[in-house]
Amino acid sequence: TRKESSAASDVYKRQLPGNTRFRDWFDEHDAKDWLSGQEKAFLFASNPTEKDRIHFGWQVEGHYFLSWCSGLLNTISLPFEESSGAPILPLFPESRSDNLERLRSAIRIRSKKEIVDWADLLYRAHWAVREPSLQSNAARKLEPGAVLEWHRAVNWVTNYDNENDWDFVGTDT
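All values derive from a computational prediction rather than experimental measurement.

### Side note on the packing of helix H4 (residues 50–69) against helix H6 (residues 112–130)
Helix-helix packing: each pair is described by the crossing angle between the helix axes and the interaxial distance. Between H4 and H6, the shortest axis-to-axis distance is 11 Å and the interhelical angle comes to 150°. Viewed along their axes, H4 and H6 adopt a mutual orientation that is roughly antiparallel. Of H6, the residues touching H4 (which contributes Phe 65, Trp 68 and Cys 69) are Glu 114, Ile 115, Trp 118 and Leu 122. Of the residues that constitute the contact of H4 with H6, the class distribution is 6 nonpolar, no polar and 1 charged.

The following block contains the structure:
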């Protein structure tokens, strides 16, 4: 599990409870439908559990991979450490007066081939971190939680097993 001191978990701790920035943004932009059921429950909870905070702290990893898929990041490599959302945060609206145009204009969806190549690579990487008999030196250096979340993200993008609900996307290996 992600350690309490990780950067992503710290972001959520600063935001919730008591800070309504995310809640207000989704309300203001009438965008609650963009959230999965579990995301809504977490973001709108008055006092989310520590388990949920850690779980959603890991969601930064899926967001990072989806940012690459949408062209917001130029390059990525296998996750040997936790990712940072810092490179793309400036594209997202910070206040009620900002609009989404900066983000919309930055999106350049990657080719199906690039995404499918990553789907294959992440399937194999996830298998390697899950199966001790397969763990080479390189596999042991991968960040297992990041690999899991990237695998979930690529499976969502490719509609793996015909599942389009983020909360239920499988990561079979």
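### Quick word on the side chain of Asp 167
Tracing the sequence through the fold places Asp 167 in the segment after helix H8 (144–157). One buried charged side chain, Asp 167, makes no salt bridge at all; its nearest oppositely charged neighbour is Arg 152, positioned 7.1 Å away. Side-chain polar atoms of Asp 167 contact the side chain of Ser 36, separated by 2.7 Å. Separated by 2.8 Å, the side chain of Asp 167 and the backbone nitrogen of Gln 38 make a polar contact. Setting aside its immediate chain neighbours within four residues, Asp 167 contacts Ser 36, Gly 37 and Gln 38.

### Re the pattern of salt bridges
One pass over the structure, following the stated rule, counts 6 salt bridges. For Glu 114, the salt bridge identified is with Arg 110, shortest N-O distance 3.6 Å. Across the pair Asp 117 and Lys 113 runs a salt bridge, and its minimum N-O distance is 2.7 Å. In this pair, Asp 117 and Lys 113 both sit in helix H6, 4 residues apart, roughly one turn of the helix. Residue class for Asp 117 comes out partly exposed when judged on its relative accessible area of 39%.

Rules and cut-offs
Residues numbered from 1 in each chain as written. Predicted model: local features only at pLDDT ≥ 70, side-chain atom pairs only at ≥ 80, totals over all residues. Heavy atoms only, no water. Axes fitted to C-alpha atoms, helices over the stretch in contact; angles between N-to-C directions. Helix = DSSP H or I, 4+ residues; strand = E, 2+ residues; numbered from the N terminus. Parallel < 35°, antiparallel > 145°, perpendicular 65-115°, else oblique. Contact = heavy atoms within 4.5 Å. Nonpolar A, V, L, I, M, F, W, Y, C, P; charged D, E, K, R; others polar. Buried < 20%, exposed > 50% of the residue type's maximum accessible area, 1.4 Å probe, protein only. Lys, Arg positive; Asp, Glu negative; His and termini not counted. Salt bridge = Lys/Arg side-chain N within 4 Å of Asp/Glu carboxyl O. Polar contact = N/O pair within 3.5 Å; in protein donor to acceptor, adjacent residues only side chain to side chain.

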